[in-house]
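# Structural overview
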Number of protein chains: 2
Amino acid sequence: MDSDYGVPRELSEVQKKRALYQPELPPCLQGTTVRVEYGGAAIAADPAGAHVISHAFPRTYGQPLAHFLRKTAVVPEAKVISEHPAVRVGIVFCGRQSPGGHNVVWGLYEAIKAHNQNSKLIGFLGGSDGLLAQKTLEITDEVLASYKNQGGYDMLGRTKDQIRTTEQVNGAMASCQALKLDALVIIGGVTSNTDAAQLAETFAEAKCATKVVGVPVTLNGDLKSQFVETTVGFDTICKVNSQLISNVCTDALSAEKYYYFIRLMGRKASHVALECTLQSHPNMVILGEEVAASKLTIFDITKQICDAVQARAEKDKNHGVILIPEGLVESIPELYALLQEIHGLHGKGVSVENISSQLSPWASALFEFLPPFIRKQLLLCPESDDSAQLSQIETEKLLAQLVETEMNRRLKEGTYKGKKFNAICHFFGYQARGALPSKFDCDYAYVLGHVCYHIIAAGLNGYMATVTNLKSPVNKWRCGAAPISSMMTVKRWSRGPSATQIGKPAVHMASVDLKGKAYEQLRLNSSSFLLEDIYRNPGPLQFEGPGADSKPISLCVEDQDYMGRIKKLQEYLEQVKTIVKPGCSQDVLRAALSAMSSVTDTLNIMVSSSTGQTPL
Amino acid sequence: MDSDYGVPRELSEVQKKRALYQPELPPCLQGTTVRVEYGGAAIAADPAGAHVISHAFPRTYGQPLAHFLRKTAVVPEAKVISEHPAVRVGIVFCGRQSPGGHNVVWGLYEAIKAHNQNSKLIGFLGGSDGLLAQKTLEITDEVLASYKNQGGYDMLGRTKDQIRTTEQVNGAMASCQALKLDALVIIGGVTSNTDAAQLAETFAEAKCATKVVGVPVTLNGDLKSQFVETTVGFDTICKVNSQLISNVCTDALSAEKYYYFIRLMGRKASHVALECTLQSHPNMVILGEEVAASKLTIFDITKQICDAVQARAEKDKNHGVILIPEGLVESIPELYALLQEIHGLHGKGVSVENISSQLSPWASALFEFLPPFIRKQLLLCPESDDSAQLSQIETEKLLAQLVETEMNRRLKEGTYKGKKFNAICHFFGYQARGALPSKFDCDYAYVLGHVCYHIIAAGLNGYMATVTNLKSPVNKWRCGAAPISSMMTVKRWSRGPSATQIGKPAVHMASVDLKGKAYEQLRLNSSSFLLEDIYRNPGPLQFEGPGADSKPISLCVEDQDYMGRIKKLQEYLEQVKTIVKPGCSQDVLRAALSAMSSVTDTLNIMVSSSTGQTPL
């Protein structure tokens with residue numbers, strides 16, 4: 001099986017040209033000397049969970065943020081890393097392929113070799129299985145040649161996205177020790193980065209010398225946090241999908257007789273669906289986050305779509321395009337509850353044939369109401385993270401069928417006077433996942449690969465590589481690292497009036513922010529999207545000419561740059577210290593005290609009101 | 001409904017840049033003066049049908065081929081068309097949208113206006129329905145602005161692809177007369193061009209002044225003939241699909257656990273599937289033409305796929321990608337016969353619920369064997385051309401299910417030792433149909449639009465616009481026109497030992513030529529495609545840089561240029577006439593006679609052996 005990995009292969013014209021593309025490095029990573037500046041200790045965003053997290057990660061929680069600066073940067077406290085002994089680094093693809101993953105390997109390889117030609121980068125073959133089985137391939141220029149700027153994970157392969165059981169963790173440690181790795185770089189999403197943090201902690205505890213570094217690579221875009229503006233692959237996936245969605249919109253408008261229901265891969269969060277909507281302006285999108293916030297049932301959603309179809313028919317429009325995130329099914333309260341019951345029975349070892357007979361009465365009633373195809377899909381075993389097999393559940397077909405039934409009823413009743421409702425269903429996922437990565441994803445992944453090296457050179461453990469200020473050109477990008485544990489949260493479920501169950505700390509999937517600017521753009525335009533057919537075709541992913549340098553709209557409209565601001569704040573505090581040195585005038589000191597007192601009061605009140613705690 | 005047609009709309013960056021793209025004209029169409037040279041009377045390729053066709057089209061069969069030449073071309077008999085009175089031309093989209101259709105309108109508009117500013121181009125709104133209802137929109141620069149080089153048919157819309165019943169034909173004639181049209185241009189595929197020929201004949205018979213012109217625009221690529229090298233839209237569709245197929249290949253290779261079954265839109269012929277295979281090198285393709293030629297049953301095909309899966313598993317490959325043309329179901333003998341029975345019962349007015357009980361015993365046995373989802377799809381009413389609703393029949397799921405059952409059986413039996421077989425099914429059609437057209441399709445369609453004008457200026461009726469030598473650069477393209485009736489064939493079915501039923505003459509869909517060079521390429525590579533995973537990613541459709549100027553492989557490998565050769569032959573004959581004028585030497589005359597006698601003998605024998613007739 002392994003013999004095919006990393007084998008040079010024949011490339012098409014476009015692939016060849018892409019293979020020659022050389023991403024730029026931001027100024028801070030240029031040259032062979034980089035400075036690291038450490039910020040304050042990073043804390044978890046949710047202070048309520050901080051205690052649990054610090055307890056679970058005693059060795060890796062509360063480490064400082066790191067900023068990588070150019071050698072000439074005038075920051076007195078930054079540490080210049082000038083020694084670059086040879087290192088041995090392992091790298092593994094965890095979880096689903098996301099366009100750009102290969103460039104992380106390339107960037108890391110370039111950085112490693114630029115600092116010491118004797119360093120080695122060792123790829124694990126076949127993902128986490130290869131890590132445990134010590135199946136490796138040394139990365140060389142020759143191996144990389146036909147994988148630079150190319151999609152997929154086929155240079156090294158991947159298997160399950162899980163290194164979590166004691167057996168798996170010990171296996172990983174044994175591999176790292178056997179191969180004498182100074183560091184292990186894990187490329188993956190939410191689950192894999194949680195695993196990376198756990199490995200880092202366990203390795204530190206066991207005095208294993210291997211440092212663990214995570215890299216945010218997932219098409220879902222759901223690893224967003226104050227430290228991570230977007231993930232590698234998200235841009236490409238949204239571009240490829242948006243192209244197809246707008247092709248379908250054009251098709252709908254040309255034929256004027258179909259409603260297209262398009263389900264989009266992206267796991268539980270609706271980031272992909274939101275971005276694709278902003279790019280291609282379909283008539284409707286049902287975001288899981290909206291459904292969850294408003295506690296809409298499947299019948300509410302059906303009615304919403306039917307009312308939309310009816311409103312459009314009154315304007316003589318008998319066609320349309322509706323987007324559905326694959327995670328929607330888990331956001332609909334009653335379907336989620338049904339899935340939970342089913343998964344519970346799976347957990348108890350009940351066989352698939354017997355599950356339906358053991359459901360609670362209400363769940364059973366809902367189950368029996370659903371069409372047979374969807375029943376079969378709901379009964380599938382849950383994924384390793386306990387979520388449903390979202391890619392296999394055809395929610396778009398379920399909704400299309402429910403809408404058709406209702407529209408036929410309305411037609412018969414005379415309340416709907418349009419043409420007979422005709423739906424065509426699609427699932428866009430696999431056909432985008434292996435795409436050639438966009439320029440943005442190529443650049444972002446390549447720079448992240450470089451950042452990984454500097455994290456390793458600085459001897460950091462349990463960190464994720466970060467690049468921020470991404471909406472600006474590459475020469476303005478900021479590079480850094482944040483402890484993965486500071487991105488974690490702790491889930492709480494109330495079990496009765498006084499008991500609360502606390503989950504394990506983990507990096508949890510980030511939902512679409514219903515108060516964010518990207519969602520606001522959707523909300524402001526949704527009625528014209530619905531009725532006016534202002535379809536927009538971003539066109540196929542371009543590598544030259546207009547569109548080649550575009551970035552996700554949801555990235556560009558948000559005002560993020562958290563890492564930049566944290567650094568700016570640090571600069572202000574330093575300035576105050578410099579100005580108000582012992583020996584300064586009473587007036588200056590008084591002014592400083594009064595100003596700082598009011599600042600701290602304000603901040604204290606803000607923090608306490610958001611967490612419900614008594615101010616300090 | 002009509003108010004939205006031709007409305008200026010907001011374009012994306014890529015769309016805007018495309019809207020500014022100006023296709024080139026071949027030298028013969030540059031300037032305002034064009035010469036027409038007429039060749040010999042065009043005959044149908046199948047001499048056996050010629051009589052039937054000439055009888056059905058007494059006024060439009062046997063007209064000469066026309067070649068458009070530049071003004072300065074040294075062809076003594078070519079006629080310079082120098083008068084360009086104002087004309088009124090109608091244009092209508094018939095049948096399914098195909099990328100590039102808008103450019104035919106643009107090209108025709110440019111040519112019309114360049115020759116007489118008072119001429120008018122009138123678009124029919126909503127396709128053939130609009131033609132019958134006289135719903136029109138005058139094409140202007142403003143209307144065209146945001147539709148140049150754009151996909152879809154949404155500038156004018158389309159409905160059914162049929163103008164065939166006496167009522168429809170008379171309605172079309174009434175519209176043409178009411179609007180005082182000098183010509184009607186029909187943009188469409190096999191069916192629509194047959195209709196165009198019929199309209200031309202009927203109009204001529206009724207002394208209606210409107211000339212009818214057809215344009216070969218269909219994504220299926222099945223309007224190929226000696227006169228038509230490829231159709232508008234085929235290149236784009238194959239590029240968009242090949243991109244997605246290769247993404248899926250990369251995905252398969254990265255995850256190594258799925259078999260992807262991908263069904264491709266393209267009607268009964270397998271041109272799209274063949275071209276996509278040559279572009280992206282999936283593991284397998286089941287061409288309908290191969291299945292029909294070898295009379296493979298559904299069980300033969302299943303076994304073929306299962307054996308392939310097993311052979312791959314023996315090389316530790318548990319993934320793969322298999323392409324299936326949507327027309328496959330009609331190429332499988334027993335399924336076709338079943339469909340014919342079902343359609344027969346439909347024709348007799350038997351309701352869907354009762355059809356299964358009225359099938360013949362063998363058809364009923366097959367029907368009951370098939371999974372319920374496919375039974376439901378087979379029962380759908382046939383299309384207007386009597387073929388099954390191919391886009392709705394999920395042959396890929398049927399095959400995936402049959403293969404899974406068989407692989408599970410082999411696994412249990414111990415003959416198959418690979419991983420459990422997992423299939424994921426796709427249908428790629430609608431998401432490609434509305435795509436931005438490739439540069440080639442933009443150019444080809446634009447030039448065809450210009451050619452339409454010259455056909456009209458030459459006063460020709462019942463012709464199709466042709467552009468040949470397409471694999472060469474635009475400045476080498478040859479422009480002409482061929483009578484549609486010469487592309488027709490007559491189908492014969494034997495009914496018992498002596499009786500033969502003869503069909504109506506029509507332009508029939510062209511199958512993939514199993515003796516052609518494109519198929520040969522596939523055959524030579526099929527075993528390495530199957531076992532070696534030499535997947536190739538042509539990348540997303542590019543408008544700049546490498547790949548932007550690529551053309552279909554199946555177009556480039558074939559040695560076509562029929563129109564060029566017909567012209568060349570004409571030149572040779574003229575030369576003989578010029579050399580051997582009365583007064584030439586006896587020797588020359590004798591040599592000419594002897595040479596020509598042997599040429600005619602050879603040709604006579606070739607023609608008679610291919611048709612089974614006695615040589616002349």
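What you see is a predicted model, and the numbers here were worked out from it, not measured in a lab.

Moving on, we get to the relation of the copies chain A and chain B. Rotating chain A by 180 degrees and translating it 0.0 Å along the rotation axis places it on chain B, where the RMSD comes to 0.1 Å. Read as a symmetry element, the transformation amounts to a two-fold axis. Mapped onto chain B, 98% of the interface residues of chain A again fall at the interface, so both copies present the same surface.

All names here are of chain B. When the terminal C-alpha atoms of helix H20 (residues 517-532) are compared, their 22 Å separation across 16 residues agrees well with the 22 Å that a helix rising 1.5 Å per residue should span. Among all positions in H20, only Ala 518, Tyr 519, Leu 522, Ser 528, Phe 529 and Leu 530 are buried. Those residues of H20 that are buried lie in contact with helix H9 (271-280), strand S10 (284-285), helix H10 (288-294), helix H11 (298-314) and helix H21 (553-557).

What follows covers the interface of chain A and chain B. On the side of chain B, 58 residues touch chain A, which itself brings 59 residues to the contact. The junction of chain A with chain B conceals about 4,900 Å² of combined surface from both sides, 51% of it contributed by carbon and sulfur atoms. Summed over the shared surface of chain A and chain B, the result is two salt bridges. In this structure, Asp251(A) and Arg433(B) form a salt bridge, with 2.7 Å as the shortest nitrogen-oxygen distance. Inspection of the chain A/chain B interface yields 20 residue pairs in polar contact (both at pLDDT 80 or more). Elements supplying a minimum of two residues to the side of chain A that touches chain B: helix H1 (13-19), helix H8 (234-255), strand S12 (423-428) and helix H18 (430-433) of chain A. Ranked by residues supplied to the side of chain A that touches chain B, first place goes to H8(A) with ten residues.

Now for the sheet that holds strand S6 (residues 136-138) of chain B. All names here are of chain B. What the ten strands build is an open sheet, ordered S3-S1-S2-S14-S13-S8-S7-S4-S5-S6; its pairing is mixed. Sheet topology places strand S3 (79-81) and S6 at the edges, where each strand pairs with a single neighbour. Strand after strand, the sheet turns through a mean of 30 degrees between neighbouring axes, direction not considered. Judged from the four bridges that link them, strand S4 (residues 88-93) and strand S5 (residues 120-124) form a sheet pairing that is parallel. Looking across to S5, one finds that Arg 88 is bridged to Lys 120. In the packing of helix H7 (residues 190-205) onto the sheet, contacts are made with strand S7 (183-188), strand S8 (211-216) and strand S13 (463-468), and the angle to S8 comes to roughly 170 degrees. The strands that helix H19 (residues 439-457) touches are strand S1 (34-41), strand S2 (64-70), S3, S4, S7, S8, S13 and strand S14 (478-483); relative to S13, the one it contacts most, it runs at about 135 degrees.

Conventions used here
- Residues numbered from 1 in each chain as written.
- Chains lettered and ligands numbered in written order.
- Predicted model: local features only at pLDDT ≥ 70, side-chain atom pairs only at ≥ 80, totals over all residues.
- Heavy atoms only, no water.
- Least-squares fit on C-alpha atoms with pLDDT ≥ 70 in both.
- Contact = heavy atoms within 4.5 Å.
- Helix = DSSP H or I, 4+ residues; strand = E, 2+ residues; numbered from the N terminus.
- Expected span 1.5 Å × (residues − 1).
- Buried < 20%, exposed > 50% of the residue type's maximum accessible area, 1.4 Å probe, protein only.
- Buried area = accessible area lost by both parts, 1.4 Å probe.
- Salt bridge = Lys/Arg side-chain N within 4 Å of Asp/Glu carboxyl O.
- Polar contact = N/O pair within 3.5 Å; in protein donor to acceptor, adjacent residues only side chain to side chain.
- Pairing = 2+ DSSP bridges.
- Axes fitted to C-alpha atoms, helices over the stretch in contact; angles between N-to-C directions.

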